[in-house]
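# Descriptive structure summary
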Amino acid sequence: MARILRVALPVPLYTCYDYLPPREAWPEQAGRGCRVRVPFGRGRRVGVVVAVTEHTEVPQHKLRPAQAWLDAEPLLDAPLMALLEWAARYYHHPLGEVLDAALPTLLRQGEPAQWRLREHWWVTEQGRNTEPDALNRAPRQAQLLARLQALGERGLEASELAQMPGQARRAARALADRGLAVSAEQASPELLQGEGVETPPAPLDDQQAVLDHLQAAGEGFQPILLEGVTGSGKTEVYLRATEQALASGRQVLILVPEIGLTPQLLRRFRRRLAVPMAVFHSGLNDRERLDAWLAAREGRARVLIGTRSAVFAPLPEPGLILVDEEHDTSFKQQDGFRYSARDLAVMRARRLGVPVLLGTATPSLESLQNALAGRYAHLHLKHRAGGAAMPSFRVLDVRGRPLREGLSPALQTAMDAHLAADGQVLLFLNRRGFAPTLLCHECGWVAECQRCDARYTWHRRAGRLRCHHCDSEQPVPRACPECGSVDLRAVGQGTERVEQVLAELYPDVPVLRIDRDSTRRRGAMDALLAEAHQPGARILLGTQMLAKGHHFPDVTLVGVLDADHGLYGADFRALERMAQLLIQVAGRAGRAERPGEVLIQTHHPEHPLLHTLLGSGYDAFARAHLEERRGAGLPPFAAMALLRAEAVQAGHARGFLQAAAEQARALAGGGMQAGVMVLGPVPAPMERRAGRYRAQLLLQAESRAALHRLLARWVPGLAALPTARQARWSLDVDPQDMF
DNA sequence: AGCACGCCGACT
DNA sequence: GTCGGCGTGCTC
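Computed from a predicted model, the values in this text were never measured in an experiment.

### A few points about the overall build of chain A
- On a plain count of helices and strands, chain A comes out with 23 helices and 31 strands.
- Against the globule reference of 27 Å for 739 residues, chain A gives a C-alpha radius of gyration of 29 Å, in line with a compact fold.
- Oriented by its inertia axes, the alpha-carbon framework of chain A measures out at about 85 × 75 × 55 Å.
- Looking at chain A as a whole, 53% of its 739 residues qualify as buried.
- In chain A, of all internal contacts separated by at least 6 residues, the share reaching a separation of at least 24 is 76%.
- When the accessible area of chain A is evaluated, it comes to approximately 32,500 Å², of which 49% is carbon and sulfur surface.
- Treating the 89 positive side-chain charges of chain A as one cloud and the 81 negative ones as another, the clouds have centres 4 Å apart.

As structure tokens, this is what we get:
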């Protein structure tokens, strides 16, 4: 009855591999959830033990012993392992790769699950018995001694010395010289200690209602959609709910979108809560990520704030999960293991039996439908802080109007008025660069990317043509390569071009352009934001980046330069996205004494979205749009999965999908999976991208269960199709966009 | 995914 | 006569 280790390996295979235990002694606690180093093929891999069993289908001669235990006790606890196995099944993705996505890089590479060694300071025996007041000639030393005495065996991390007033490091060395303190290297995580200096304001009625709801719900699973406009105090609710969970000795996980929201939220949390916290986002290096992960796992971090992958952080004492801006698309991983961190957060909360709070001003239709169907509690924050009024919306019909680089006369008039009153103006244009098209006026030639079905964007300042879909760029031609004419013209507007015309129209007003190009340099974003918060008239001009997170209290006018693109997008989610964007952009503006005004330029002023959204608000729009989705049988009233494929050779992607489609249809037609439609394959909306031809196959079902039954029987066999090796392919369950 | 093994074109 | 193309088979 030899024991066998079943190991998930980071390879795109749907099978686990069985190994004999390492020859070394078996650590008492070792088992499922531990990493092992194993021989695999002619190399070595780090895998995770998913089961210890006594039976194997593998012939004895094939079994090789694992090389070594990398963890003496489970790195991933039972609930987390179970969640990851569930996720692998739900997304029909190999378990080894799912586990890989859940682990920090260093752990994937086999590093020990240990904190970095850091310099620490402690009191000595002599220091413990010395009255700090005895050092009255050296107040800094006295202060530090008192602190070290209070910390006792925990000690003080040297990096915290830097944050203390005065030359704390010198004081520490002086204490050491007196024999009162000593320093040494000790393994510890880098934790942010909350200051807890801010006194909480009294909660408003609707905020209190959310907290009461949480309290009444007790400790069980309780999904809540928390809908509140910008400035309605969602963060205050997060803070209070977090305090409640911390008070009962639990940890709190907070998921935030990718764009720089973290610093602001973190600042609020640190000012308010006097507990150790950790952050987890893409800006950290590998060591920092590992430390944060371990701090969560050891329970040292009581609050963990992180982006998408933080949903997999280990939490020994979970009490609450918060998802901020739950509608944000960055919660969906867009390659490899395409999970939705928001959906997994809800599933994790359910399995852990803890509440989960989904906060947003503009709920995703998925979450809204869950709320309307009674699966989630639906709570609202109605009041803007300080009684600020919601901004007023107005549609500017630009049909037939003379546009100056995309600015209508009516918008300019409004800008004049707001700037004259010392207000700030925010202009939103979701297109960076100078112009999206460079055109030869003589022959009609258009500069196009060689590797994509897309036009080059002219970046005038950089003097380059850049493709926004691959990384290619080239110098701007002096003359048309087709006819030799030098009359090359910019068609359409990007932020760079609008910036230029604004400088001409308003020579005395600073214009701040905020897009990926202007914020690429390190620190550039912070500098621009600091400048934006200066008093006095300013024009802020930017892309999507501007719509998220940052609030500009002095902005009184928001102009959306081009709403038309979002109104007729190819994707069935285009309208939902557009509505969310408009409300989010509008939310950047205004405060109590100066209600904001939002002007939306469009060639389609009669569009029903604009009518409903602006006339009756996001909720009315969302409910109406849900009914359209229901009528059309689209999500959230249908379940979808998208099989994408791409290949350098035209036809290879399509060929694979064709074969895959035949198998799917055979399965769907077999009666077992009635109600699953197999649509396609069709070319991707932009067929060629970065030199590859792309195509996709859509599976759509009325019932999630039926879809998943088919996927379970279909997906594992796809790799065995003869055409599978001619294309790169991936399955996207619950795709968020169709491109 | 890697990485082998294994059969057909242009090179020292 | 060999070096190397990528087809297909396997990894416990």
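Now that the structure has been shown, we can carry on.
### Points about the protein's contact with DNA strand B
- Taken together, Pro12, Leu13, Arg42 and Arg725 make up the full set of residues adjacent to DNA strand B.
- Near the protein, meaning within 4 Å, the atoms of DNA strand B are sugar or phosphate in a fraction of 45%, with bases accounting for the rest.
- With respect to DNA strand B, the side chain of Arg42 contributes an N or O atom lying 2.6 Å from a phosphate oxygen.
- Looking at side-chain class alone, the surface near DNA strand B contains 2 nonpolar, no polar and 2 charged residues.

### Examining the sheet that holds strand β28 (residues 639-647)
- Taken together, 4 strands build an open sheet; the order of strands is β29-β30-β28-β31 and the sheet is antiparallel. Edge strands, defined here as strands with exactly one partner in the open sheet, are β29 (676-689) and β31 (728-733). Between one strand axis and the next, the sheet turns through 20 degrees on average, direction left out of account.
- As paired elements, β28 and β31 share 6 bridges and run antiparallel to each other. Within β31, the position partnered with Ala641 by the bridge is Val733.
- Contacts between helix α22 (residues 652-669) and the sheet are confined to β28, β29, β30 (692-701) and β31, with β29 contributing the most and set at about 170 degrees to the helix.

### Topic: the UniProt feature "binding site: Zn(2+) 2" (unreviewed entry) in chain A
- Per the UniProt record, "binding site: Zn(2+) 2" (unreviewed entry) is found at Cys449, Cys452, Cys467 and Cys470. Their sequence span is 22 residues, while the largest C-alpha to C-alpha distance among them is just 8.8 Å; these annotated residues converge on one region.
- By the secondary structure assignment, Cys452 is in the loop between β19 (437-440) and β20 (457-459).
- Leave out the neighbours within four places in its chain, and Cys452 touches Cys467, His469, Cys470, Met686, Arg688, Arg689 and Ala690.
- If you trace the backbone, Cys470 turns up in the loop between β21 (464-466) and β22 (473-475).
- Exposure remark for Cys470: the relative accessible area of 12% places this residue in the buried category.
- When near neighbours in sequence (up to four residues on either side) are disregarded, Cys470 contacts Cys449, Arg451, Cys452 and Ala690.

### Observations concerning the packing of helix α1 (residues 78-90) against helix α12 (residues 341-352)
- Orientation of α1 relative to α12, taken along the N-to-C sense of each, is 135 degrees, at an axis distance of 11 Å. Looking at the two axes, α1 sits oblique to α12. Regarding α1 and α12, the two cross each other, and that crossing is right-handed. Of the residues in α12, those touching α1 at Pro79, Leu80, Ala82, Leu83, Trp86 and Ala87 are Leu344, Met347, Arg348, Arg351 and Leu352.
- Across the contact of α1 with α12, the residue classes break down as 9 nonpolar, no polar and 2 charged.

### Details of the pattern of salt bridges
- For the structure on display, the rule yields 46 salt bridges.
- Across the pair Arg272 and Glu236 runs a salt bridge, and its minimum N-O distance is 2.8 Å. Of this pair, Arg272 sits in helix α10 (residues 262-272) while Glu236 sits in helix α9 (residues 234-247); the two residues are 36 residues apart in sequence, bridging distant segments of the chain. For the pair Arg272 and Glu236, one class covers both residues: buried.
- Given the relative accessible area of 5%, Arg272 is considered buried.
- What you see here is one network of salt bridges that share partners, running through Glu198, Glu236, Arg240, Glu243, Arg268, Arg271 and Arg272.

### Examining the protein's contact with DNA strand C
- Neighbouring DNA strand C are the residues Leu13, Tyr17, Asp18, Tyr19, Pro39, Phe40, Gly41, Val58, Lys62, Leu63, Arg64 and Arg725.
- Among the atoms of DNA strand C lying within 4 Å of the protein, the sugar-phosphate backbone contributes 39%.
- In the model, a sugar or linking oxygen of DNA strand C is placed 2.5 Å from a nitrogen or oxygen of the Asp18 main chain.
- Here a phosphate oxygen of DNA strand C sits 3.4 Å away from a polar atom, N or O, in the side chain of Tyr19.
- Breaking the surface near DNA strand C down by element, the ones donating at least two residues are β2 (17-19) and β3 (35-40).

### Overview of the domain arrangement of chain A
- One can read the domain layout of chain A as domain 1 (4-108), domain 2 (117-188), domain 3 (205-380), domain 4 (388-435 + 494-631) and domain 5 (639-733).
- When each unit is reduced to the centre of its C-alpha atoms, the spacing between domain 2 and domain 4 is 53 Å.

### Thoughts on the environment of Arg338
- Tracing the sequence through the fold places Arg338 in the loop between β14 (318-324) and α12.
- As for Arg338 and Asp732, which are separated by 394 residues in sequence, their C-alpha atoms are 6.0 Å apart.
- Discounting chain neighbours no more than four positions away, the residues touching Arg338 are Tyr91, Lys332, Gln333, Arg644, Ser730, Leu731, Asp732 and Val733.
- In this structure the side chain of Arg338 is engaged in a polar contact, spanning 3.4 Å, whose partner is the side chain of Asp732.

### Structural notes on α22
- An ideal rise of 1.5 Å per residue puts 26 Å on 18 residues; α22 measures up with 26 Å between its terminal C-alpha atoms.
- Looking at α22, one finds that the buried residues are Ala653, Phe656, Leu657, Ala660, Ala661, Ala664, Leu667 and Ala668. In an axial view of α22, the angular spread of the buried residues amounts to 140 degrees, which keeps them on one side of the axis. Exposed and oriented more than 90 degrees from the buried face of α22 are Glu662, Ala666 and Gly669.
- The inward-facing, buried residues of α22 abut β28, β29, β30, α23 (704-718) and β31.

### Describing the nonpolar core
- Ranked by internal contacts, the top residues of the largest apolar core, which has 127 residues, are Leu699 and Trp714.
- In this structure, Trp714 is in contact with Leu643, Ala660, Gln663, Ala664, Leu667, Leu697, Leu699 and Leu731, ignoring residues within four places of it in sequence.
- Ala245, Val252, Val279 and Leu357 belong to the second-largest nonpolar core, a separate cluster that totals 30 residues.

### Quick look at unusual backbone geometry
- Residue Pro635 is joined to Pro636 through a cis peptide bond whose omega torsion reads 5 degrees.
- Structurally, Pro636 is set in the loop between α21 (618-632) and β28.
- Positive phi outside glycine occurs at His92, with the angle close to 50 degrees.
- With respect to the helices and strands, His92 occurs in the loop between α1 and α2 (95-102).
- Although it is not a glycine, Glu325 sits at a positive phi angle of roughly 55 degrees.

### Re the pairing of strand β6 (residues 117-123)
- Along β6, 5 of the 7 residues are buried, which leaves the element largely enclosed by surrounding structure.
- Where β6 lies against strand β8 (residues 181-187), 7 bridges are found, and the strand directions are antiparallel. In the strand pairing of β8, Glu119 is matched with Glu185.
- For β6 and strand β7 (residues 156-157), the ladder comprises 2 bridges, and the chain directions are antiparallel. Of the residues in β7, the one forming a bridge with Trp121 is Leu156.

The rules behind these values
Residues numbered from 1 in each chain as written. Chains lettered and ligands numbered in written order. Predicted model: local features only at pLDDT ≥ 70, side-chain atom pairs only at ≥ 80, totals over all residues. Heavy atoms only, no water. Helix = DSSP H or I, 4+ residues; strand = E, 2+ residues; numbered from the N terminus. Rg over C-alpha atoms; globule rule 2.2 N^0.38 Å. Buried < 20%, exposed > 50% of the residue type's maximum accessible area, 1.4 Å probe, protein only. Contact = heavy atoms within 4.5 Å. Areas by Shrake-Rupley, 256 points an atom, 1.4 Å probe, with all protein chains shown as cover. Lys, Arg positive; Asp, Glu negative; His and termini not counted. Charge placed at Lys NZ, Arg CZ, Asp CG, Glu CD. Near = heavy atom within 4 Å. Polar contact = N/O pair within 3.5 Å; in protein donor to acceptor, adjacent residues only side chain to side chain. Nonpolar A, V, L, I, M, F, W, Y, C, P; charged D, E, K, R; others polar. Pairing = 2+ DSSP bridges. Axes fitted to C-alpha atoms, helices over the stretch in contact; angles between N-to-C directions. UniProt positions renumbered as here; feature names shortened; annotations may be inferred. Parallel < 35°, antiparallel > 145°, perpendicular 65-115°, else oblique. Left-handed = near helix turned anticlockwise from the far one by under 90°. Salt bridge = Lys/Arg side-chain N within 4 Å of Asp/Glu carboxyl O. Domains from an automatic or database assignment. Expected span 1.5 Å × (residues − 1). Arc of directions from axis to C-beta. Core = buried A, V, L, I, M, F, W, Y, C linked by side-chain atoms within 4.5 Å.

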